[in-house]
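Here's the letter readout for the chains.
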Amino acid sequence: MSKKGKAFRTKGSLLVAVIGDEATVTGFLLTGIGERNRKGDSNFLTVTKDTTLSQIEIFFRKLLDRDDIGIIMISQNIAEQIRNLITEHEEVIPTVMEIPSKDVAYDPEKDVILSRAARILYGNEVGMEKLRQID
Amino acid sequence: MSKAILPSRMNLAVFKQKKIGAKKGFDLLKKKSDALKKSFREILAKILETKKRMGKEFNLALISLAEANFAAGDFSKSVLDSVKTRTNVRLNISSENVAGVHLPIFSLRGDADDQNDDRQMLGLTGGGQAIQRCKERFQKFLKILVDIASLQTQFITLDEVIKVTNRRVNALEYVVIPRIEFTISYIEKELDEESREDFFRLKKVTDNKKNEKIESQKIAKGNDDLPEQTESIFGGEDEEELLF
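Residues numbered from 1 in each chain as written. Chains lettered and ligands numbered in written order. Predicted model: local features only at pLDDT ≥ 70, side-chain atom pairs only at ≥ 80, totals over all residues. Heavy atoms only, no water.

## Describing the overall build of chain A
Phase 1 of the analysis: Broken down by element type, chain A carries six helices and four strands.
Phase 2 of the analysis: Considering only contacts within chain A whose residues lie at least 6 apart along the sequence, 61% involve residues at least 24 apart.
Phase 3 of the analysis: When the accessible surface of chain A is totalled, it reaches about 6,400 Å², and 47% of it is carbon and sulfur. (Helix = DSSP H or I, 4+ residues; strand = E, 2+ residues; numbered from the N terminus. Contact = heavy atoms within 4.5 Å. Areas by Shrake-Rupley, 256 points an atom, 1.4 Å probe, with all protein chains shown as cover.)

Set out below in structure tokens:
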């Protein structure tokens, strides 16, 4: 609660983290946002069908603990699995962004931020409708 | 109020000043709240709009990735290997001031091209162009994502500040100002009561003085003419005095 809405650290620069399937992560790594230090800590996680839920949770928590992450991009289907962790996270930075995934069509209703935005802007029912119209 | 307010004229002036101050604060906060709400709605609309575009960009990016895979084979392993220990591509946060609130803005900075040679080796066996195109697509996608992330953080920050401001506005409107008004009316009532009491006291004293004067005049004139009449007008001393 203390970080919310207050002055955030205008630290030098922050990283972009990615949690997604192989294609997504490969594509983003091509743009050069990836970083892996000598200990093996990286700011990206490739999720395959073998990755367990707890691995994802642990990685997500580690990202939150680091103070040099600005954005965490996470495929929506994976976000569904750790939905409770995401809703718990209230701080401004890092901000959690849900991106579409290859297999699952993007569902705007499930995106936490979007659904709140639509609800506030248009009211409950109309908001949900507007979201559905987006695709 | 825990301690009783002394109903004096000075206190009346003090509380009237307080009321003016509170009203001014209330107006200012209301203006701030309105300005914030306006920004808020704009941001919301932008978020909905931009996320729509993001879906399309993502599909394009995936398509180009599939093309690159087709052309160059599966290069994901080499991409993974080429991850550096420190990357240039980072985010800068700057803040924008809206109606007194600092809103964060992310800006992407840095370039992946002049990094180590591994990545430049990527497409050598074939499909280098496809990989290049794929990289560009993803870079475009990343840029949109960073914009959306900025909007998201602004949204969250504004939401919180609006809640706090509204709480203060409501507190002023429904608690502080009514309390001050109540105190002012109490003091005014007490002052009125005091002046009324003073007036009655004054009147009673002058009445008494007048009565005494008339009586002493009667006594001075002598008791011949008007004993009975005097008695009937003034009553006797047995009659109780009217108390106010």
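## A word on empty space enclosed by the protein
The gaps of empty space that remain are located by a probe, the size of a water molecule, rolled over the atoms.
Phase 1 of the analysis: For the coordinates displayed, the defined rule picks out two cavities of 30 Å³ or more.
Phase 2 of the analysis: Approximately 40 Å³ is the volume attributed to the largest cavity.
Phase 3 of the analysis: Elements with a minimum of two residues in the lining of the largest cavity: α1 (22-30) of chain A together with α2 (76-81) of chain B.
Phase 4 of the analysis: The dominant element in the lining of the largest cavity, judged by the number of residues it contributes, is α1(A), at four residues. (1 Å grid on protein atoms, 1.4 Å probe; cavity = no way out; pocket = protein on both sides within 12 Å on 5 of 7 lines; lining within 4 Å. Points joined across faces, edges and corners; volume = space filled by probe spheres on them.)

## Let's talk about the environment of A:Glu125
Phase 1 of the analysis: Among the structural elements, A:Glu125 can be located in helix α6 (residues 124-134).
Phase 2 of the analysis: Separated by 112 residues in the primary sequence, A:Glu125 and A:Ser13 have C-alpha atoms spaced 40 Å apart.

## Examining the environment of A:Arg38
Residues and elements named next belong to chain A.
Phase 1 of the analysis: Along the chain, the position of arginine 38 falls in the loop between α1 and β2 (44-46).
Phase 2 of the analysis: We classify arginine 38 as exposed; its relative accessible area is 77%.
Phase 3 of the analysis: Counting along the chain gives 25 residues from arginine 38 to leucine 63, while the straight-line C-alpha distance between them is 17 Å. (Buried < 20%, exposed > 50% of the residue type's maximum accessible area, 1.4 Å probe, protein only.)

## Structural notes on the domain arrangement of chain A
Phase 1 of the analysis: Examined at the domain level, chain A breaks down into domain 1 (15-102) and domain 2 (105-134).
Phase 2 of the analysis: Inter-centroid distance (C-alpha atoms) of domain 1 of chain A to domain 2 of chain A is 23 Å. (Domains from an automatic or database assignment.)

## Side note on the interface of chain B and chain A
Phase 1 of the analysis: Taken together, the contact pairs 58 residues of chain B with 53 residues of chain A.
Phase 2 of the analysis: The interface formed by chain B and chain A holds one salt bridge in total.
Phase 3 of the analysis: Notably, a salt bridge pairs A:Glu35 with B:Arg90, separated by 3.1 Å at the nearest N-O pair.
Phase 4 of the analysis: Between chain B and chain A we count six residue pairs in polar contact (both at pLDDT 80 or more) in total.
Phase 5 of the analysis: Residue contributions to the side of chain B that touches chain A peak at 19 residues, all from helix α4 (residues 128-221) of chain B. (Salt bridge = Lys/Arg side-chain N within 4 Å of Asp/Glu carboxyl O. Polar contact = N/O pair within 3.5 Å; in protein donor to acceptor, adjacent residues only side chain to side chain.)

## Considerations on the pattern of salt bridges
Phase 1 of the analysis: Applying the stated criterion across every chain, the model contains 15 salt bridges over all chains.
Phase 2 of the analysis: The closest approach of N and O atoms between A:Arg66 and A:Asp68, which form a salt bridge, is 3.2 Å.
Phase 3 of the analysis: Since its relative accessible area comes to 25%, A:Arg66 is described here as partly exposed.
Phase 4 of the analysis: The salt bridge partner of B:Lys19 is B:Glu181, with a shortest N-O separation of 3.2 Å. Residue B:Lys19 is located in helix α1 (residues 9-72), and its partner B:Glu181 is located in helix α4; the two are separated by 162 residues in the primary sequence.
Phase 5 of the analysis: Overlapping salt bridges bring together A:Glu80, A:Arg83 and A:Glu98 as one network.

## Considerations on a nonpolar patch on the surface
Residues and elements named next belong to chain B.
Phase 1 of the analysis: A cluster of nonpolar side chains, namely Tyr174, Val175 and Val176, defines an oily patch on the protein surface of about 280 Å² accessible area.
Phase 2 of the analysis: Examined against the element boundaries, valine 175 turns out to sit in helix α4.
Phase 3 of the analysis: By relative accessible area, which is 37% here, valine 175 ends up partly exposed. (Patch = residues over 30% accessible without salt bridge, like charges linked within 9 Å, V, L, I, M, F, W, Y side chains within 5 Å.)

## Looking at the side chain of B:Thr153
Phase 1 of the analysis: Looking at where B:Thr153 falls in the secondary structure, it is placed in helix α4.
Phase 2 of the analysis: Looking at B:Thr153, the relative accessible area reads 0%, which means it is buried.
Phase 3 of the analysis: A polar contact is formed between the side chain of B:Thr153 and the backbone oxygen of B:Ser150, at a distance of 2.7 Å.
Phase 4 of the analysis: Excluding residues that lie within four positions of it along the chain, B:Thr153 makes contacts with A:Val92, A:Thr95, B:Pro104 and B:Phe106.

## Structural notes on the side chain of A:Ser42
Residues and elements named next belong to chain A.
Phase 1 of the analysis: Note that serine 42 resides in the loop between α1 and β2.
Phase 2 of the analysis: Given a relative accessible area of 15%, serine 42 falls into the buried group.
Phase 3 of the analysis: One polar contact links the side chain of serine 42 to the main-chain carbonyl oxygen of phenylalanine 44, over a distance of 3.2 Å.
Phase 4 of the analysis: Discounting chain neighbours no more than four positions away, the residues touching serine 42 are Glu35, Arg36, Phe59 and Arg66.

## Structural notes on the packing of α1(A) against α4(B)
Phase 1 of the analysis: At a minimum axis distance of 8 Å, the contact between α1(A) and α4(B) shows a crossing angle of 90°. With respect to α4(B), the axis of α1(A) lies roughly perpendicular. Contacts between α1(A) and α4(B) pair A:Ala23, A:Thr24, A:Gly27, A:Phe28 and A:Leu30 from the former with B:Ile131, B:Cys134, B:Lys135, B:Phe138, B:Phe141, B:Leu142 and B:Leu145 from the latter.
Phase 2 of the analysis: In terms of residue class, the contact of α1(A) with α4(B) is made up of nine nonpolar, two polar and one charged. (Axes fitted to C-alpha atoms, helices over the stretch in contact; angles between N-to-C directions. Parallel < 35°, antiparallel > 145°, perpendicular 65-115°, else oblique. Nonpolar A, V, L, I, M, F, W, Y, C, P; charged D, E, K, R; others polar.)

## As for the pairing of strand β4 (residues 95-99) of chain A
All names here are of chain A.
Phase 1 of the analysis: The element β4 is extensively covered by neighbouring structure, given that five of its five residues are classed as buried.
Phase 2 of the analysis: The alternating pattern of β4 places Thr95, Met97 and Ile99 on one face and Val96 and Glu98 on the opposite face, and all of these are buried.
Phase 3 of the analysis: Pairing between strand β3 (residues 69-75) and β4: five bridges, direction parallel. Its bridge partner lying in β4, isoleucine 74 is registered against glutamate 98. (Pairing = 2+ DSSP bridges.)

## Examining the nonpolar core
Phase 1 of the analysis: Membership of the largest hydrophobic core comes to 41 residues, with the highest contact counts inside it found for A:Phe28, A:Ile71, A:Met73, A:Met97, B:Met54, B:Phe75 and B:Leu145.
Phase 2 of the analysis: Listed by contribution, the elements that provide at least two residues to this core are β1 (15-20), α1, β3 and β4 of chain A together with α1, β1 (90-98) and α4 of chain B.
Phase 3 of the analysis: Beyond its immediate stretch of four places on either side in the chain, A:Phe28 contacts A:Val18, A:Ile33, A:Met73, A:Ile99, B:Phe138, B:Phe141, B:Leu142 and B:Leu145.
Phase 4 of the analysis: Judged by nonpolar contacts, the second largest core, of 19 residues, contains B:Phe40, B:Leu48, B:Leu103 and B:Val161. (Core = buried A, V, L, I, M, F, W, Y, C linked by side-chain atoms within 4.5 Å.)

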